[in-house]
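Read off the chains here:
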Amino acid sequence: MTDSHAPADGLQLRRATPLPPLAHFGLIALDMDSTLITIECIDEIAAAVGLKAQVAAITEATMRGEIADFRESLLRRVALLKGVPEGALQEVYDTRLQLTPGAEQLLEACKAAGLKTLLVSGGFTFFAERLRARLGLDFVRSNRLEVVDGVLTGRVLPQAWGDVCDGAVKRATLLDVASLLGLEPARTIAVGDGSNDIPMMQAAGLSVAFHAKPRVREVAEVSIDTGGLERLLDVLG
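One structure accompanies this document, and this report is about it. Since we're looking at a predicted model, the values are computed, not measured.

1. Digging into the packing of aromatic side chains
Here's step 1: Per the counting criterion, the structure on display carries one aromatic pair.
Here's step 2: On the basis of an interplanar angle of 75 degrees and a centroid distance of 5.2 Å, the ring pair of phenylalanine 126 and phenylalanine 127 is categorised as edge-to-face.
Here's step 3: For phenylalanine 126, a relative accessible area of 14% corresponds to the buried category.
Here's step 4: For phenylalanine 127, a relative accessible area of 0% gives the class buried.

So, in structure tokens, the structure goes:
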């Protein structure tokens, strides 16, 4: 890997060899919160009970890598949501969730080039599944909040693959889906912004940091520091 250089403002490349064209790849995996969408859903849910500042502080420390155990961090934050009405999730989706600029453009280009799409998130199925339907995503993996009698219990429900979609699960999911599609990891792209995205980024053929924390930018081959997700197309053609 060579020293970084900037083909355009806010777009950094750190790779010794030229990037292949988009059609070289067969799978793109994207993080959800602060990557495919502009918000951290758990922070916005916490706002419904006046705990946004408390939860957001844990979120930020985790994404910077200051709290190393994502699983523990997520369970701590979800516990604070105990008693939040399930309707608060729909309110967040309806009034606060916005797609990141360039998200639809990037996804459309990927699909046109023959890539499959994977949303793999430490966030929640309530949002991820709605985005799957809205954007026509091929694969989704995320965490499932437990709801009893219309309110959150403060717990995450186990699923067939485990209980918390953390960095290790993100990496395993990327590799599992690639294998399912008959792809070598070298033909995958991983896009994320936080420390829990690093394992899947390191496993992918091309790692992309999007408006990311410094620790993430340091390991990424492409860093998009300004502008939208469509800027990845500027370097992949």
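2. Quick look at the pairing of strand β3 (residues 27–30)
Here's step 1: By the alternation rule, side chains of β3 split into Leu27 and Ala29 and Ile28 and Leu30, which are all buried.
Here's step 2: For β3 and strand β4 (residues 116–124), the ladder comprises four bridges, and the chain directions are parallel. The residue of β4 that forms the bridge with isoleucine 28 is threonine 117.
Here's step 3: With four bridges connecting them, β3 and strand β7 (residues 188–192) associate as parallel partners. Within β7, the residue paired with leucine 30 across the bridge is valine 191.

Thresholds, definitions, all that
Residues numbered from 1 in each chain as written. Predicted model: local features only at pLDDT ≥ 70, side-chain atom pairs only at ≥ 80, totals over all residues. Heavy atoms only, no water. Phe/Tyr/Trp six-rings, centres within 6.5 Å; stacked < 30°, edge-to-face > 60°. Buried < 20%, exposed > 50% of the residue type's maximum accessible area, 1.4 Å probe, protein only. Helix = DSSP H or I, 4+ residues; strand = E, 2+ residues; numbered from the N terminus. Pairing = 2+ DSSP bridges.

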